[in-house]
Amino acid sequence: PANNDLRLVDIDDDGVNRAFREDVLQGLSEEQKAIPARWLYDDAGSQLFEDITDLAEYYPTRAETEILRERGSEFAEAIGPGRAVVEFGSGSSVKTPLLLNQIEPAAYVPLDISGDFLRAAADALGRKFPDLPVYPVEADFMRRVELPEAVADMPHLGFFPGSTIGNMVPRTAVDLLRTMRETLGEGSMLLIGMDLVKDPKVLEAAYDDGKGVTGEFNLNLARRINRELGGTIPVEHLRHEARWNDDFARVEMHLVAQADLDFEVAGKRFTMSAGETIHTENSHKFTRRSSHTLLLAGGWTPVARWLDSAEQFSLILAEA
Ligand code: AVJ
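Criteria and thresholds
- What you see as residue numbers is a count from 1 along each chain, following the sequence as written.
- Totals for whole chains, interfaces and linings use every residue, but because this is a predicted model, local features are given only for residues with pLDDT of at least 70 and side-chain atom pairs only at 80 or more, for both listing and counting.
- Hydrogen atoms and water are omitted, and side-chain values are computed over all heavy atoms in the structure.
- In this text, helices come from DSSP runs of H or I with a minimum length of four residues, and strands from runs of E with a minimum of two, each type numbered from the N-terminal end.
- Throughout, radius of gyration means the C-alpha value; the globule benchmark is 2.2 Å times the number of residues raised to the power 0.38.
- Relative accessible area decides the class of each residue, using a 1.4 Å probe on protein chains only: under 20% of the type maximum gives buried, over 50% gives exposed, and in between gives partly exposed.
- Any two residues whose heavy atoms approach within 4.5 Å at even a single point are treated as in contact.
- Where accessible areas are quoted, they stem from the Shrake-Rupley method and a 1.4 Å probe; at the residue level, only the protein chains shown are allowed to cover.
- Pairs of N or O atoms are called polar contacts if they sit within 3.5 Å, as long as, within protein, a hydrogen donor faces a hydrogen acceptor (for residues adjacent in sequence, only side-chain-to-side-chain pairs).
- Pairing between two strands is assigned when DSSP locates at least 2 bridges connecting them.
- For helices, the axis comes from a line fit to the C-alpha atoms of the stretch in contact; other axes are also lines fit to C-alpha atoms, and the angle between any two N-to-C directions lies between 0 and 180 degrees.
- Side-chain atoms within 4.5 Å are what join buried Ala, Val, Leu, Ile, Met, Phe, Trp, Tyr and Cys residues into a set we call a nonpolar core.
- What pLDDT conveys is the predictor's confidence in a given residue, as a value from 0 to 100.
- To be near a molecule or strand, a residue needs just one of its heavy atoms within 4 Å of it.
- Gly is put with the polar residues, along with every residue not named as nonpolar or charged; the nonpolar set is Ala, Val, Leu, Ile, Met, Phe, Trp, Tyr, Cys and Pro, and the charged set is Asp, Glu, Lys and Arg.

This part is about the overall build of the chain. In terms of helices and strands, the chain carries eleven helices and 13 strands. Since a compact globule built from 320 residues should have a radius of gyration of about 20 Å, the 21 Å found for the chain is in line with a globular shape. For the chain, the spread of C-alpha atoms along the three principal axes comes to 60 × 50 × 35 Å. Taking all 320 residues of the chain together, the buried fraction comes to 50%. A separation of at least 24 residues holds for 68% of the contacts in the chain among residues at least 6 apart in sequence. When the accessible area of the chain is evaluated, it comes to approximately 15300 Å², of which 48% is carbon and sulfur surface.

A few words on the side chain of Arg 224. Its place among the elements puts Arg 224 in helix α10 (residues 213-228). On the basis of relative accessibility, which here comes to 6%, the residue Arg 224 falls in the buried class. A distance of 2.8 Å separates a polar side-chain atom of Arg 224 from the backbone oxygen of Trp 39.

With that settled, consider the sheet that holds strand β1 (residues 33-34). Spatial strand order, β1-β11-β8-β7: four strands in an open sheet with mixed pairing. In the strand order of this sheet, the two ends are held by β1 and β7 (238-245), each with one partner. With seven bridges joining them, strand β8 (residues 250-257) and strand β11 (residues 277-284) adopt antiparallel strand pairing. Each residue of the ladder has a partner; that of Val 251, found in β11, is Ser 283. Sheet contacts for α10: β7, β8 and β11; angle to β8, the most-contacted strand, approximately 60°.

Here we come to the nonpolar core. Grouped together as the largest cluster of nonpolar side chains are 38 residues, with contacts concentrated most on Val 24, Leu 28, Ile 35, Ile 225, Phe 263 and Val 265. For this core, the elements supplying multiple residues, two or more each, are α2 (15-29), α3 (43-52), α9 (200-206), α10, β7, β8, β9 (261-265) and β10 (268-272). By residue number, the principal contributor to this core is α10, which donates six residues. Contacts of Ile 225, omitting those with residues within four sequence positions, involve Phe 20, Val 24, Ile 35, Gly 230, Gly 231, Ile 233 and Val 265.

Moving on, we come to the confidence of the model for the chain. Across the chain, the average pLDDT comes to 93, with 94% of residues at or above 70. For the stretch residues 1-12, pLDDT sits under 50, and the model shows four contacts to residues farther than four places along the chain or on other chains. Scoring the predicted complex yields pTM 0.92 and, for the interface, ipTM 0.98.

Below, the discussion takes up the site of the ligand. Around the ligand sit Tyr 41, Phe 49, Ile 52, Tyr 58, Gly 162, Asn 167, Tyr 207, Thr 214, Phe 217, Met 253, Glu 281 and Ser 283, and those are all the residues in its vicinity. Here an oxygen atom of the ligand and a side-chain polar atom of Asn 167 are 3.4 Å apart. Here a nitrogen atom of the ligand sits 2.6 Å away from a polar atom, N or O, in the side chain of Glu 281. For the ligand, the accessible surface in isolation is 350 Å², of which the surrounding protein chains cover 94%. Sorting the residues of the shell around the ligand by element identifies α3, α10 and β11 as the ones contributing at least two each. Taken together, the residues of the shell around the ligand break down into seven nonpolar, four polar and one charged.

Quick look at the structure:
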């Protein structure tokens, strides 16, 4: 902020902490308490998410990887060689090489807001594909990104796996798709993972596993608030819950108060009645039509769609 008084208040804080505190204080003040899901991913949370992807109940990672493994020649055919692959969020260890191996890309451009993740991903990719030019860009992909000069004249393929788009409410998802279109430009393509609507029991199990790893992932947010924002949330009186919201076609994660609670965060007092919740994540699920409608609203025309053998997950190719 330009205002000096505000800067004095924030004098010991780095930008992340300030934004975290604002989101938490605002979110805990709402009628339905809610904290943006991006704060789930500190170091502990990112590690717990990695553990989630290995769980028997958590099918999305395996299903999407199966599609990338089995249908590569069809991607190659539909996408063609010579594109600069622009990945939104730096490459996960397994999925990106599977794609790059198939389509003869001209360059790889990982985008990530975290410089550390970005460098690690770029190094790993560089070792696997020594002849592929890699141009990492440290940027918030929710905003339009200026791509490196070296790839400006190549045709682009955006890659957005993991059904991360499902963590956004439709308004935000459409904004992001339109921003991606601006970043990638006319004539570009987008390969995007979108998880499918299915039996709510399967969905709820995927987000509330038997080993309690997803519960730990969710509760870690409360622990992070206590650690980083001087909170006194009694974490032992919160319980993880995954619920299917059929009206909005999404799995919601909540932290449910097991008793009347009274706690402080950053010097402010909050109360919860027994049964009241903090909403911590949405994971929207799609049908063929709802995924196409979302893409079209974001300025992308779907041209191909692939499912895994159990028909749990979709990868959609669209063009600008
Ligand atoms: C990585 C955000 C796509 O929504 O499935 C997994 C996160 N949350 N289990 C998802 C998550 C709980 C995951 N995304």
